[in-house]
Amino acid sequence: MKTAVIVFPGSNCDQDMYYAIKDGLGEEVDYVWHAETSLDGYDAVMIPGGFSYGDYLRSGAIARFAGIMPAVIQAAKEGKPVLGVCNGFQILLEAGLLPGAMLKNKHLKFICETVDLQVKNNDTQFTKLYDQDEIIRIPIAHGEGNYFCDDATLKKLQDNNRIVFTYSGKNPNGSRADIAGIINETGNVLGMMPHPERAADALLGSDDGLRLFQSILNHWRESAHAAYTS
């Protein structure tokens, strides 16, 4: 599996994401600068956390118009896995690849801590290696992680099992329905505020995030094998 890690001015979790793929999975991975216009040859796309373009206007609002974004949208349409973490989630929302919007944290403070997440849907290509309703420990670091959507969108997310992760025990940012991560209708685009790449090795305090990347790799291998044998 060959993965692209998109780098914007202000990205600061791109190296974490890169090494989660390179060292955690042992797979091929490249940094792709935001001004590039093609993702040909890549099997997966990762949009890392940080403060793209300084979070001017609002988080992700400028990055959404970067040169690489049409290629990200095309990759999603082709069914390739697209993962947006923290600022990456915000960019996916701004790009319309996921529904809803991100507000400032309820208490208007930047939060940096490790939280408990509940796996609400383990039947996705991102979560196959987790148990349903399993509690995992993943770090968060954000000032605008308060996920919001209207009632109709929330019902659609709930009815179609598109809420993948929720905060367990304590909601750190005021996110609606305790939402920490959601997928698109076809299940190949995941946005989440917590940082699985920062929990990809026990030396970091938790390796609970590694199984997310391993799930992506396993799904890709199964899909590639099915395509080869068909």
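Residues numbered from 1 in each chain as written. Predicted model: local features only at pLDDT ≥ 70, side-chain atom pairs only at ≥ 80, totals over all residues. Heavy atoms only, no water.

Engineer: Would you mind going over the overall build of the chain with me for this structure?
Structural biologist: Helix and strand counts for the chain stand at five helices and eleven strands. C-alpha extents for the chain along the principal axes are approximately 50 × 40 × 40 Å. Burial status across the chain gives 53% buried among its 230 residues. Considering only residue pairs separated by 6 or more positions, the chain has 73% of its internal contacts joining residues 24 or more positions apart. (Helix = DSSP H or I, 4+ residues; strand = E, 2+ residues; numbered from the N terminus. Buried < 20%, exposed > 50% of the residue type's maximum accessible area, 1.4 Å probe, protein only. Contact = heavy atoms within 4.5 Å.)

Engineer: I would appreciate a short explanation of the packing of aromatic side chains in the present structure.
Structural biologist: Summed over the entire model, instances satisfying the criterion amount to six aromatic pairs. On the numbers, 6.1 Å between centres and 15° between planes, the contact of Phe-89 with Tyr-147 is stacked. Of this pair, Phe-89 sits in helix H3 (residues 87-94) while Tyr-147 is found in strand E8 (residues 146-148), placing the two residues 58 residues apart along the sequence. For Lys-2, the ring lying beneath its charged end belongs to Tyr-42, and the centroid distance is 5.0 Å. Across from the ring centre of Phe-65, 5.0 Å away, lies the NZ or CZ of Arg-64, which sits over that ring. (Phe/Tyr/Trp six-rings, centres within 6.5 Å; stacked < 30°, edge-to-face > 60°. Lys NZ or Arg CZ within 6 Å of the ring centre and 35° of its normal.)

Engineer: When you look at the UniProt feature "active site" (unreviewed entry) in the chain in this model, what are you seeing that I'm missing?
Structural biologist: UniProt records the feature "active site" (unreviewed entry) at Cys-86, His-195 and Glu-197, using the numbering of this structure. Annotated residues spanning 112 residues; largest pairwise C-alpha distance 11.0 Å, indicating a single compact cluster. Relative to the assigned elements, His-195 resides in the loop between strand E11 (189-192) and helix H5 (210-229). Classification of His-195 as buried rests on a relative accessible area of 1%. When residues no more than four places from it in sequence are discounted, the contact partners of His-195 are Cys-13, Gly-49, Val-85, Cys-86, Ile-138, Pro-139, Ile-140 and Ala-141. Excluding anything up to four places from it in sequence, Glu-197 contacts Cys-13, Asp-16, Met-17, Ala-20, Val-85, Leu-204 and Phe-213. (UniProt positions renumbered as here; feature names shortened; annotations may be inferred.)

Engineer: What am I meant to see in the nonpolar core here?
Structural biologist: In terms of nonpolar packing, the biggest core is built from 71 residues, with Leu-39, Ile-68, Phe-165 and Leu-212 touching the most fellow members. Looking at this core element by element, the count peaks at six residues for helix H2 (residues 69-77). (Core = buried A, V, L, I, M, F, W, Y, C linked by side-chain atoms within 4.5 Å.)

Engineer: Can you walk me through the pattern of salt bridges in this structure?
Structural biologist: Pairing between side chains of opposite charge can happen when the charged atoms of each approach one another. Under the defined criterion, the tally for this structure stands at 14 salt bridges. Linking Asp-23 and Lys-22 is a salt bridge whose minimum nitrogen-to-oxygen distance equals 3.7 Å. Where Glu-113 meets Lys-170, a salt bridge forms, and the shortest distance between an N and an O atom there is 3.0 Å. Residue Glu-113 is located in strand E6 (residues 111-119), and its partner Lys-170 is located in the loop between strand E9 (163-167) and strand E10 (179-183); the two are separated by 57 residues in the primary sequence. For Glu-113, a relative accessible area of 28% translates into the label partly exposed. (Salt bridge = Lys/Arg side-chain N within 4 Å of Asp/Glu carboxyl O.)

Engineer: Would you explain a nonpolar patch on the surface in this entry?
Structural biologist: Residues Tyr-56, Leu-57 and Ile-62 make up a contiguous nonpolar surface patch of about 370 Å² in total accessible area. Checked against the element boundaries, Leu-57 lands in the loop between strand E3 (44-47) and H2. Among the residues examined, Leu-57 registers a relative accessible area of 74% and is labelled exposed. (Patch = residues over 30% accessible without salt bridge, like charges linked within 9 Å, V, L, I, M, F, W, Y side chains within 5 Å. Areas by Shrake-Rupley, 256 points an atom, 1.4 Å probe, with all protein chains shown as cover.)

Engineer: For this particular structure, what's the right way to read unusual backbone geometry?
Structural biologist: Peptide bonds are mostly trans, and most non-glycine residues show a negative phi. The backbone of Tyr-53 sits at a positive phi, close to 55°, despite the residue not being glycine. Tracing the backbone shows Tyr-53 in the loop between E3 and H2. Even without glycine at this site, Asn-161 takes up a positive phi of about 55°. Tracing the sequence through the fold places Asn-161 in the loop between helix H4 (151-159) and E9.

Engineer: Mind showing me how you'd approach H3 here?
Structural biologist: Think of an α-helix as turning once every 3.6 residues; residues three or four places apart then point the same way. Among the eight residues of H3, seven are classified as buried, and the element is accordingly described as predominantly covered. For H3, the complete set of buried residues consists of Asn-87, Gly-88, Phe-89, Gln-90, Ile-91, Leu-92 and Leu-93. A positive backbone phi angle near 80° is found at Gly-96, which sits one or two residues after H3.

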